[in-house]
There are 2 protein chains.
Amino acid sequence: MFNTKLVLAYQGTNYCGFQIQTKSQDPTVQYHLDKVLSSLFNEEIKTILCSRTDSGVHANGQVVNFIHSSNKFTEQRRLVLALNAHLPYDIRVLESESMYLDFHARYHAKGKLYSYLIDNAIANRPLTNSFSYHVHKKLDFEKMVIASKYLIGTHDFSSFKGSQGATKTTVRTITRFDLTLDDQYIKIQVEGNGFLYNMVRIIVGTLIHVGMGKISPEAIKDIIEAKDRMKAGPTAPAKGLILEKIYY
Amino acid sequence: MFNTKLVLAYQGTNYCGFQIQTKSQDPTVQYHLDKVLSSLFNEEIKTILCSRTDSGVHANGQVVNFIHSSNKFTEQRRLVLALNAHLPYDIRVLESESMYLDFHARYHAKGKLYSYLIDNAIANRPLTNSFSYHVHKKLDFEKMVIASKYLIGTHDFSSFKGSQGATKTTVRTITRFDLTLDDQYIKIQVEGNGFLYNMVRIIVGTLIHVGMGKISPEAIKDIIEAKDRMKAGPTAPAKGLILEKIYY
């Protein structure tokens with residue numbers, strides 16, 4: 001038996017998320033990936049994914065692993081080329097690595113980096129439209145930076161958790177929170193040991209409300225303490241969110 | 001009579017260039033723009049464009065001007081919003097400015113900035129696929145930088161001119177030539193007082209051949225002196241090219 005790890009990038013626009021949907025026939029990234037892998041390896045392959053991404057969310061560094069019995073691709077580069085030759089053009093395998101048998105893409109992940117791109121001008125730029133969220137009203141960047149500081153560290157993030165996703169604990173640690181302003185773009189980078197369902201998107205939606213003046217930067221502290229989803233801002237659209245990297 | 005200048009951004013993927021084609025019915029950016037302007041101003045509007053862009057080429061800063069007899073949009077911001085409300089989503093008006101009557105988008109342009117994005121890795125990134133050119137083979141970035149230095153300055157660029165485009169002189173001045181390497185991307189920025197037909201794409205194609213080791217960096221000097229299109233490299237694909245800015 002062999003265990004192979006893949007790093008994937010995809011544009012989520014045309015997919016109903018990453019994970020295969022048991023209840024529907026909607027196209028997912030995993031559906032395409034498992035189909036191509038099964039065909040290349042001549043056996044049924046079921047990838048184990050690190051991080052579910054919702055419908056419309058993109059990735060530059062999603063990770064999966066899969067167990068296979070044949071080792072026909074001893075050269076990892078050849079596996080990458082073969083996969084990309086058969087996958088849809090908006091799904092690409094960036095890297096492939098042979099792992100020890102116990103490696104598990106989800107259980108062994110130590111942290112993740114997400115980014116969110118806000119296009120903040122009267123008119124959005126067409127070239128980045130598919131992976132940014134256009135906010136027409138000028139946002140107060142400095143206030144958003146101040147607000148972001150309150151989110152760094154270990155907190156109970158119940159106020160920033162979508163209604164789905166059941167988890168044992170709602171405590172997570174954000175290790176890094178960077179906001180950069182470049183031309184008309186505000187780029188948000190959030191790194192942490194794990195994220196609750198919709199957590200990054202709710203955090204971004206809340207920061208946008210801070211930038212609009214609807215929430216004061218200091219109120220973030222109270223919102224965290226309230227442990228109440230109703231106190232936070234709206235869930236920002238999926239299209240601006242990118243799963244950038246998974247740390248092992 | 002009034003004269004208005006517009007700054008436009010568009011994704012060229014779905015358009016047969018900017019300029020209205022007299023001989024065909026293919027969709028162009030200018031076709032959509034003139035149609036929406038004519039409808040908004042209730043008169044036939046024909047925009048004067050600064051720079052033709054070929055089929056598939058993008059823009060972040062194309063400039064046009066147009067003469068109109070009514071001044072119903074005294075507030076420029078309202079004109080921008082009205083235009084964007086009616087234009088296709090891959091064409092956006094970024095700015096509008098009221099100009100003196102003689103202003104001419106093409107004749108008064110003093111210089112232009114183009115960028116070209118090369119995605120140089122075994123697998124391309126899906127999110128930037130529509131505006132980058134994927135080169136699978138690892139390019140020698142340092143050699144490309146050395147080669148680029150020979151192109152700066154005033155030269156007869158006949159070797160880098162496509163067969164179409166008739167011009168009085170083939171002498172042009174490149175005022176700035178920057179190459180940057182960021183992750184798997186090579187970004188090329190070329191600024192000059194004007195460019196011959198396909199000049200930037202032929203320069204990029206030649207630099208790619210330098211990066212592949214097919215042309216030595218020092219040979220650029222000979223290629224310029226030869227004044228022979230056959231000596232330069234191939235024309236790089238349109239999809240990686242962006243008209244970034246026009247200087248007045």
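Just so it is clear, the structure is predicted and the values come from calculations on it, not from any experiment. (Residues numbered from 1 in each chain as written. Chains lettered and ligands numbered in written order. Predicted model: local features only at pLDDT ≥ 70, side-chain atom pairs only at ≥ 80, totals over all residues. Heavy atoms only, no water.)

1. Digging into a nonpolar patch on the surface
Now for step 1: Taken together, the side chains of M1, I67 and L101 of chain A define a hydrophobic patch exposed on the protein surface, amounting to about 300 Å² of accessible area.
Now for step 2: With respect to the helices and strands, M1 of chain A occurs in the segment before β1 (2-10). (Patch = residues over 30% accessible without salt bridge, like charges linked within 9 Å, V, L, I, M, F, W, Y side chains within 5 Å. Areas by Shrake-Rupley, 256 points an atom, 1.4 Å probe, with all protein chains shown as cover. Salt bridge = Lys/Arg side-chain N within 4 Å of Asp/Glu carboxyl O. Helix = DSSP H or I, 4+ residues; strand = E, 2+ residues; numbered from the N terminus.)

2. Regarding the domain arrangement of chain A
Residue and element names in this part refer to chain A.
Now for step 1: Domain boundaries assigned for chain A yield domain 1 (2-99) and domain 2 (111-247).
Now for step 2: Put simply, the middle of domain 1 and the middle of domain 2, counted by C-alpha atoms, are 28 Å apart.
Now for step 3: At the interface, 15 residues of domain 1 touch 15 residues of domain 2.
Now for step 4: In total, domain 1 and domain 2 occlude about 1100 Å² of area from one another, counting both sides; carbon and sulfur atoms represent 52% of this.
Now for step 5: Inspection of the region where domain 1 meets domain 2 yields 1 salt bridge.
Now for step 6: For the salt bridge of R201 with D54, the shortest nitrogen-to-oxygen distance reads 3.6 Å. (Domains from an automatic or database assignment. Contact = heavy atoms within 4.5 Å. Buried area = accessible area lost by both parts, 1.4 Å probe.)

3. A closer look at the interface of chain A and chain B
Many analyses report the size of an interface as the accessible area lost when the parts associate.
Now for step 1: Listed as interface residues are 25 residues of chain A and, on the opposing side, 25 residues of chain B.
Now for step 2: Where chain A abuts chain B, roughly 2300 Å² becomes buried across the two surfaces, and 66% of that area is made up of carbon and sulfur atoms.
Now for step 3: Three residues stand out in chain A for area buried against chain B, namely I122, P126 and L127 of chain A, and they jointly supply 31% of the buried area on that side.
Now for step 4: Linking chain A with chain B are 0 salt bridges, by the criterion used here.

4. Focus: the packing of helix α3 (residues 141-149) of chain A against helix α4 (residues 199-211) of chain A
Residue and element names in this part refer to chain A.
Now for step 1: Look at α3 against α4: their axes get within 8 Å of each other, and the N-to-C directions meet at 135 degrees. By the angle between their directions, the pair α3 and α4 is classed as oblique. At the point where α3 passes α4, the crossing takes the right-handed sense. Residue-level contacts link K143, M144, A147 and S148 of α3 to L207, I208, V210 and G211 of α4.
Now for step 2: Split into classes, the residues belonging to the contact of α3 with α4 amount to 5 nonpolar, 2 polar and 1 charged. (Axes fitted to C-alpha atoms, helices over the stretch in contact; angles between N-to-C directions. Parallel < 35°, antiparallel > 145°, perpendicular 65-115°, else oblique. Left-handed = near helix turned anticlockwise from the far one by under 90°. Nonpolar A, V, L, I, M, F, W, Y, C, P; charged D, E, K, R; others polar.)

5. Re the UniProt feature "active site" (unreviewed entry) in chain A
Residues and elements named next belong to chain A.
Now for step 1: Mapped onto this structure's residue numbering, the UniProt feature "active site" (unreviewed entry) falls at D54.
Now for step 2: Within the element layout of this structure, D54 appears in the loop between β2 (48-49) and β3 (58-68).
Now for step 3: D54 sits in the partly exposed class, given a relative accessible area of 24%.
Now for step 4: The residues contacting D54, other than those within four sequence positions of it, are G17, Y197, N198 and R201. (UniProt positions renumbered as here; feature names shortened; annotations may be inferred. Buried < 20%, exposed > 50% of the residue type's maximum accessible area, 1.4 Å probe, protein only.)

6. Let's talk about the relation of the copies chain A and chain B
Now for step 1: When chain A is fitted onto chain B, the two copies agree to an RMSD of 0.0 Å after a turn of 180 degrees and an axial shift of 0.0 Å. The superposition operator between the copies reduces to a two-fold rotation axis. No C-alpha of chain A lies nearer the rotation axis than that of T128 of chain A, which sits 4.2 Å from it.
Now for step 2: When the interface residues of chain A are mapped onto chain B, 100% of them are again interface residues, pointing to one common binding face. (Least-squares fit on C-alpha atoms with pLDDT ≥ 70 in both.)

7. Focus on the pattern of salt bridges
Now for step 1: What the rule picks out here adds up to 11 salt bridges over all chains.
Now for step 2: One salt bridge connects R125 of chain B with D183 of chain B, and the closest N-O pair in it is separated by 3.4 Å. Taken together, the residues R125 of chain B in the loop between β5 (111-119) and β6 (133-134) and D183 of chain B in the loop between β8 (171-182) and β9 (185-192) connect sequence positions 58 residues apart.
Now for step 3: With a relative accessible area of 12%, R125 of chain B lands in the buried category.
Now for step 4: Connected via shared salt-bridge partners are R176, D178 and E191 of chain A.

8. Considering the packing of aromatic side chains
Geometry of an aromatic ring pair is reported as the spacing of the ring centres plus the angle between the planes.
Residue and element names in this part refer to chain A.
Now for step 1: Evaluated as defined, the whole model comprises 12 aromatic pairs over all chains.
Now for step 2: With 6.1 Å between their ring centres and 85 degrees between their planes, Y100 and F103 make a pair best called edge-to-face.
Now for step 3: Accessibility expressed as a relative area gives 3% for F103, which makes it buried.
Now for step 4: Consider the rings of F157 and F160, whose centres lie 6.2 Å apart with planes at 65 degrees: the pair is edge-to-face. In terms of burial, F157 and F160 fall into one category: buried.
Now for step 5: Taken together, F41, F66 and F73 form an aromatic cluster joined through their ring pairs. (Phe/Tyr/Trp six-rings, centres within 6.5 Å; stacked < 30°, edge-to-face > 60°.)

9. So, helix α1 (residues 29-41) of chain B
Residue and element names in this part refer to chain B.
Now for step 1: Compared with the 18 Å implied by 1.5 Å per residue over 13 residues, the 18 Å span of α1 between its first and last C-alpha is a close match.
Now for step 2: Here α1 lies mainly inside the structure; 10 of its 13 residues are buried.
Now for step 3: Listing the buried residues of α1 in full gives V29, Q30, H32, L33, D34, V36, L37, S38, L40 and F41.
Now for step 4: Two residues or fewer after α1 comes N42, characterised by a positive phi angle close to 55 degrees. (Expected span 1.5 Å × (residues − 1).)

10. Thoughts on the environment of M230 of chain A
Now for step 1: Relative to the helices and strands, M230 of chain A is located in the loop between α5 (219-226) and β10 (241-247).
Now for step 2: Here the alpha-carbon distance between M230 of chain A and L37 of chain A, two residues 193 residues apart in the chain, equals 43 Å.

11. Quick look at the packing of helix α1 (residues 29-41) of chain A against helix α2 (residues 76-86) of chain A
Residues and elements named next belong to chain A.
Now for step 1: Running from amino to carboxyl end, α1 crosses α2 at an angle of 125 degrees, the nearest separation of the two axes being 10 Å. When the interaxial angle is binned, α1 and α2 end up oblique. The interaxial crossing formed by α1 with α2 has right-handed handedness. Residues V36, L37, L40 and F41 of α1 touch α2, and the partners they reach there are L79, A82, L83 and H86.

12. Brief notes about unusual backbone geometry
Residues and elements named next belong to chain B.
Now for step 1: The backbone of D183 sits at a positive phi, close to 60 degrees, despite the residue not being glycine.
Now for step 2: Relative accessible area serves as the criterion here: at 59%, D183 is assigned to the exposed category.
Now for step 3: Unusually for a residue other than glycine, K227 sits at a positive phi of about 50 degrees.
Now for step 4: Along the chain, K227 turns up in the loop between α5 (219-226) and β10 (241-247).

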